[in-house]
Each structure stands twice: as structure tokens, then as C-alpha cells.
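Structure assessment
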Amino acid sequence: MRSDGSAWNARRWWRSAGFAWAGVRHAYRTQANFRIECWAAALALGVALLLRAPLAPVALACALVLSLELVNTALEATVDLVSPDRHPLAKVAKDAAAAAVLIASAGALLVAAGTLLPALLRALKFS
């Protein structure tokens, strides 16, 4: 692993950010669930802005789901590299990572229900 000096070095930071965005682009191009979750996040954030609902819980829930989907993608790629043949432990690793995304998604729906639904009902009441 190569280090270009201080963590505060702007060139190093931009280089690292470039690698991170390459990961996001790869996931968006290759993972249908990530694309769906990106659009769902954009919709949820747009609705929160439109309804003037608290943005922080919605943004955090979206970030959690998208982050876990990226971790799931990375784990699946690593497992496929290390264990190209079917193996029970490879299945456990992939299933557990997918379960993390599922649980986060369920939590995000609860956040949406608790944050966006009351704002929507207030907006409809005053219309």
C-alpha cells in the first residue's frame, strides 16, 4: 500500500475520492438494486424537501442503505474472487451482506413513514 504523505494532502484526498467515485459508478452501472435505491433516495429526499420535512433522518437513512449496498457489492466481488466455486460459507457471507441491506431498507421505510407521512398529512390538511 502506497502513502503519499499526510492525510491532509489535497492531492491525496482527491485521488482517494476519485477511487471512491469509481466504486459508486461501477455499482451504479452493474447493480440494478443500487440504481433502484439511488432513485428511491432521490425521490425520498425530493419529497422531504417539497414537504419541508426534517431532512437529516431521511438523508441518513438513504446514506445507510446506499452505503450498505456498496459494502454488499464489494463483499460479493471479494467472495467471487476468493471462492469462484459454490461454497456454503461463501453463501453465508453473501446472504448476510444482503440481509444487512434488507434490514437497513426496512429501517429506511420506517424513517420515511415517521418523517414524511406526517408532513404529507399536514400538507394535505392545509390544501
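What counts, and at which threshold
Residues numbered from 1 in each chain as written. Predicted model: local features only at pLDDT ≥ 70, side-chain atom pairs only at ≥ 80, totals over all residues. Heavy atoms only, no water. UniProt positions renumbered as here; feature names shortened; annotations may be inferred. Helix = DSSP H or I, 4+ residues; strand = E, 2+ residues; numbered from the N terminus. Buried < 20%, exposed > 50% of the residue type's maximum accessible area, 1.4 Å probe, protein only. Contact = heavy atoms within 4.5 Å. Patch = residues over 30% accessible without salt bridge, like charges linked within 9 Å, V, L, I, M, F, W, Y side chains within 5 Å. Areas by Shrake-Rupley, 256 points an atom, 1.4 Å probe, with all protein chains shown as cover. Salt bridge = Lys/Arg side-chain N within 4 Å of Asp/Glu carboxyl O. Core = buried A, V, L, I, M, F, W, Y, C linked by side-chain atoms within 4.5 Å. Axes fitted to C-alpha atoms, helices over the stretch in contact; angles between N-to-C directions. Parallel < 35°, antiparallel > 145°, perpendicular 65-115°, else oblique. Left-handed = near helix turned anticlockwise from the far one by under 90°. Nonpolar A, V, L, I, M, F, W, Y, C, P; charged D, E, K, R; others polar.

The name given to the protein chain in an unreviewed UniProt entry is Diacylglycerol kinase, with the source organism recorded as Deinococcus grandis. Its UniProt record, at the heading Subcellular location (unreviewed entry), says of the protein chain: "Cell membrane". Of the protein chain, the UniProt comment under Sequence similarities (unreviewed entry) reads exactly: "Belongs to the bacterial diacylglycerol kinase family."

Considerations on the UniProt feature "binding site: substrate" (unreviewed entry) in the protein chain
The UniProt record marks Arg12 and Glu69 with the feature "binding site: substrate" (unreviewed entry), using the residue numbering of this structure. The annotated residues occupy 58 residues of the chain and do not converge on a single region, their most distant C-alpha atoms lying 25.7 Å apart. By the secondary structure assignment, Arg12 is in helix α1 (residues 10-30). Using a relative accessible area of 4% as the deciding quantity, one classes Glu69 as buried. Once you skip the residues sitting within four places of it in the chain, Glu69 turns out to touch Asn33, Phe34, Glu37 and Val101.

Quick word on a nonpolar patch on the surface
Judged by side-chain polarity, Leu117, Leu120, Leu121 and Leu124 come together as a nonpolar surface patch covering roughly 380 Å² of accessible area. Topologically, Leu121 is positioned in helix α4 (residues 88-125). Its relative accessible area of 52% is what places Leu121 among the exposed residues.

Points about the nonpolar core
In this structure, Ala27, Phe34, Ala41, Ala44, Ala48, Leu51, Ala53, Val58, Cys62, Leu66, Leu116 and Ala119 together form the largest nonpolar core, which totals 12 residues. Going through the elements one at a time, α2 (32-51), α3 (55-82) and α4 are the ones with two or more residues in this core. When residues in this core are grouped by element, the largest group, 5 residues, is from α2. If we skip the residues at most four places from it in the chain, Ala44 touches Val58, Cys62 and Leu116.

Examining the packing of α2 against α4
Each pair of packed helices gets described by two things: the angle between the helix axes and the distance between those axes. Between α2 and α4, the shortest axis-to-axis distance is 10 Å and the interhelical angle comes to 25 degrees. Here α2 is positioned roughly parallel relative to α4, judged by the angle of their axes. Viewed along their axes, α2 and α4 form a crossing whose handedness is left-handed. Of α4, the residues touching α2 (which contributes Glu37, Ala44, Val47, Ala48 and Leu51) are Val101, Ser105, Leu116, Ala119, Leu120 and Ala123. Taken together, the residues of the contact of α2 with α4 break down into 9 nonpolar, 1 polar and 1 charged.

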